[in-house]
Number of protein chains: 2
Amino acid sequence: MTQKDLSVIGACMQGAPAAVGDVLADVDTPALLIDLDAFEDNLARVHARILQAGLLVRPHGKAHKTPAIAHLQLAAGAHGICCQKVSEAEVFVQAGIKDVLITNQIVGTRKAARLAVLAGQAKIGVCVDHALQVEQIGHALRSQGTQLDVLVEIDIGHARCGVIDGDQALALAQAIAQYAPHLNFKGIHAFRGSAQHMRQPEQRAAAVTSAVEKVRSIVQQLEAADFACPVITGGGTGTYGYEADSALYTEVQPGSYALMDTDYAANKLEVGSAPLRHALFGLCTVISMQPGHAVLDGGLKAFAVDQGLPRIELPGWSVKTLSDEHTTIVPGPDAVPLQVGDKVRIIPSHCDPTVNLHDWLIAIRGDVVQQAWPVLARGALF
Amino acid sequence: MTQKDLSVIGACMQGAPAAVGDVLADVDTPALLIDLDAFEDNLARVHARILQAGLLVRPHGKAHKTPAIAHLQLAAGAHGICCQKVSEAEVFVQAGIKDVLITNQIVGTRKAARLAVLAGQAKIGVCVDHALQVEQIGHALRSQGTQLDVLVEIDIGHARCGVIDGDQALALAQAIAQYAPHLNFKGIHAFRGSAQHMRQPEQRAAAVTSAVEKVRSIVQQLEAADFACPVITGGGTGTYGYEADSALYTEVQPGSYALMDTDYAANKLEVGSAPLRHALFGLCTVISMQPGHAVLDGGLKAFAVDQGLPRIELPGWSVKTLSDEHTTIVPGPDAVPLQVGDKVRIIPSHCDPTVNLHDWLIAIRGDVVQQAWPVLARGALF
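What counts and how
Residues numbered from 1 in each chain as written. Chains lettered and ligands numbered in written order. Predicted model: local features only at pLDDT ≥ 70, side-chain atom pairs only at ≥ 80, totals over all residues. Heavy atoms only, no water. Disulfide = S-S within 2.5 Å. Buried < 20%, exposed > 50% of the residue type's maximum accessible area, 1.4 Å probe, protein only. Contact = heavy atoms within 4.5 Å. Buried area = accessible area lost by both parts, 1.4 Å probe. Salt bridge = Lys/Arg side-chain N within 4 Å of Asp/Glu carboxyl O. Polar contact = N/O pair within 3.5 Å; in protein donor to acceptor, adjacent residues only side chain to side chain. Helix = DSSP H or I, 4+ residues; strand = E, 2+ residues; numbered from the N terminus. Pairing = 2+ DSSP bridges. Axes fitted to C-alpha atoms, helices over the stretch in contact; angles between N-to-C directions.

Visitor: Quick one: what's the story with the state of the cysteines, residue by residue and with numbers?
Guide: Evaluation of the coordinates by the stated rule reveals zero disulfides over all chains. Between C82(A), a free cysteine, and C83(A), which holds the nearest cysteine sulfur, the sulfur-to-sulfur gap is 7.7 Å. Between C127(B), a cysteine without a disulfide, and C82(B), which holds the nearest cysteine sulfur, the sulfur-to-sulfur distance is 8.5 Å. Residue class for C127(B) comes out buried when judged on its relative accessible area of 1%.

Structure, rendered in structure tokens:
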């Protein structure tokens, strides 16, 4: 398996469902739309909140997997992006993004080799929580002669990746130092996915407060051993305000904020806080109807359902069920009239895995297509 | 939007996670494996059951979206395949499949135009359940000068697409006849998705018996009006034996049988019937561990969860939760030892939407990679 084999790009992406200048009625379905007014508004508000607190914004590319969006986020004040996979980071780097943090652990010599090559093409960071990871990426970077920033991940309550205490963190910082200058310890990654969708703001605030205590204590232990932690990064769309005010985090990684979904919209907000706007919509065509139900031309292969059913934006109608390529909707007493051929909007329940089902995002302003953005990192699993 | 735009293929498919000759330890993760021994066994058994009853086998391509697999199904006795979308059918036709039935309704002039072109390249069939569909595809086929087989879909209990009685069916057959020879009425499509996973065989048998009664009565009404129904097609992996013995169906469309998943494996089988073999497996690497849990490098973007959690094939371990790119597993009292870097197998809970997340299927015999099959129709939504 040569490096060329590892990175070869095949040719089987679907053609776009719309072209610049099309009106919504012309967009083929099922498609994903980005409402540019809402998207730009979300970027402006969240970036301002974080930047005004003196932190850096590093939006998560896993939510959109689309270099065009990453470039807009950088233009709106972000200083780099996050990815979750080496192959995902490659796509963004190939599209001109020069600073990518992989917020994940890399295990496997093939991945380590790709990472080592990538580290020669842009400023790349990665997370570790186990000695084997340090060994594999250390060897690969040393062989390739490139350099990589490394963060130790701390488990702050998500019970997924991350070391659990300062002793484990220190051991890793020491292991990383064995590979200097190819591996450079830069600080801490602390992210709690389970905090993002806690419905009450007090719950989210408490989760971040508890995380900050734990991280601060570990940072002190590392600094006492001469391991400075210039980067303390994490957070997300549910908690970014708390990281911003933490006087500890240096950087926040909101992902879904740009697009939104019904799961995040279900969070209760802080007093005085306005909700982020839905910027991501599915567009479907009604293909069949009988008294009592109608059928849309997009289903499980267009809308992720891990956080429940998507929501239809059609007064009086609700989503009953999804199968592979169909969504069945049912009318309530105030259901607006509908007929075969009509186009309807859907709000996805979870934006990240929904976007990952599509090859294109159709950016609209009002009713007119402005751009067709290819989701170039779709399916980037390695 | 020109025809070229509609069919342009971009270049952003991920490189394959394995090459021919690799051993399993070398396969990058998360990947989907096809166990060729199990796959060939499933094909042989199901095809024999259907063919010996005198029916045709038309496997559903939506399960695998992979032309290489369709060619193997044809070599094993299938006479054509099914798809659910025009863009899906295009991929199979471009790869040399000459007979494709689109088991779905097509609404939208862009789709109708693509369908009309496709109908000039292979033997294509489509389903209808509403006059607008007939009008749109009729116009398109007439403009293009091509010919298409058309089946009227009957709702046999799934409450999704399909006409509900003989009068609706007859009206459609008459509408189709207005576009002869461009549209050719060929009979009936009758599929009940909700019957496939009824757990007790008696329930599935009763569902098919009831469907057959309804379809037979509608066929009689059509024949009395001089609309012959040479094709009566439907069925699936849960019910194919009943369609085979129905003395009504002429063709069966099993899809998941080739690959299997935990949802189908939960069906109780007919007395004397052996289960189909799991031929589809996820392969993941353990990237992180703490006492009490381990983390794999594939999550929601590698395994669909609409039918529940996937199942890990590791004695004593069970799947606790999935997030975008991680699966968290937890050990029971008899858990086998595990370490970071180990590779583990997962059985998906629903094969169709799981395969649709991947660009490659890695076909293995024993522990050795025989083929890397590109999932060329992945994401074919239009």
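Back to the text.
Visitor: Give me the lowdown on the interface of chain B and chain A, citing residues and values where you can.
Guide: Accessible area lost during the coming together of the parts is what is often quoted as the interface size. Contacts between the two partners involve 76 residues from chain B and, on the opposite side, 76 residues from chain A. Here chain B and chain A share an interface that buries about 6500 Å² over both sides, 52% of which is from carbon and sulfur atoms. One salt bridge in this structure joins R110(B) and D22(A), with 3.8 Å as the shortest N-O distance. Applying the counting rule to chain B against chain A returns 32 residue pairs in polar contact (both at pLDDT 80 or more). Considering each element in turn, the side of chain B that touches chain A owes the most residues, five residues, to strand β10 (residues 280–290) of chain B.

Visitor: Before we move on, can you summarise the environment of Y242(B) with the specific residues and values?
Guide: Residues and elements named next belong to chain B. Looking at where Y242 falls in the secondary structure, it is placed in helix α10 (residues 240–244). A sequence separation of 35 residues divides Y242 from A207, and the C-alpha atoms of the two residues are 9.4 Å apart. One polar contact links the side chain of Y242 to the main-chain carbonyl oxygen of P201, over a distance of 3.3 Å.

Visitor: Could you give an account of the sheet that holds strand β6 (residues 148–153) of chain B, with specific residues and numbers?
Guide: The pairing of strands in a sheet comes from backbone hydrogen bonds and takes either a parallel or an antiparallel form. All names here are of chain B. Strand order in the open sheet made by the eight strands is β2-β9-β8-β7-β6-β5-β4-β3, with parallel pairing throughout. Only two strands of the sheet have a single partner each, and these edge strands are β2 (56–57) and β3 (81–83). As paired strands, β3 and strand β4 (residues 99–105) are joined by three bridges and run parallel to one another. Within β4, the position partnered with C83 by the bridge is I102. With respect to the sheet, helix α7 (residues 166–177) is in contact with β5 (123–128), β6 and β7 (183–190), its orientation differing from that of β6 by roughly 165°. Sitting on the sheet, helix α9 (residues 201–224) touches β7 and β8 (231–234), and the angle it makes with β7 is about 160°.

Visitor: Explain the side chain of T146(A) to me, using residue names and the numbers behind them.
Guide: Residue and element names in this part refer to chain A. Within the secondary structure, T146 is located in the loop between α6 (131–144) and β6 (148–153). Of note is the side chain of T146, whose polar atom sits 2.7 Å from the backbone oxygen of A116. Excluding its chain neighbours within four sequence positions, the residues that come into contact with T146 are A116, A119, G120, L141 and H182.

Visitor: How would you sum up helix α4 (residues 86–94) of chain A? Please name residues and give values.
Guide: Residue and element names in this part refer to chain A. With eight of nine residues buried, α4 lies mostly within the body of the structure. Those residues of α4 not exposed but buried are V86, S87, E88, A89, E90, V91, F92 and V93. Those residues of α4 hidden inside the fold are in contact with α3 (67–75), β3 (81–83), β4 (99–105), α5 (109–118) and β5 (123–128). Of the residues one or two after α4, G96 is the one with positive phi, at around 100°.

Visitor: Break down the pattern of salt bridges for me, with residues and values.
Guide: Between side chains of opposite charge, a pair can form when the charged atoms approach closely. Counted under the stated rule, the structure contains 38 salt bridges over all chains. Taking the shortest distance from any N to any O, the salt bridge between R277(A) and D41(A) comes out at 3.3 Å. Here the residue R277(A) occupies a position in the loop between α11 (262–265) and β10 (280–290), and D41(A) occupies one in helix α2 (residues 36–52), the gap between them amounting to 236 residues. The class of R277(A) is partly exposed, set by a relative accessible area of 36%. Classification of D41(A) by relative accessible area gives partly exposed; the value is 27%. Here K123(B) makes a salt bridge to D149(B), at a shortest N to O gap of 3.0 Å. Separated by 26 residues along the polypeptide, K123(B) in strand β5 and D149(B) in strand β6 bring together distant segments of the chain. You can call D149(B) buried: its relative accessible area is 13%. Through salt bridges with shared partners, a single ionic network connects D359(A), R378(A), D359(B) and R378(B).

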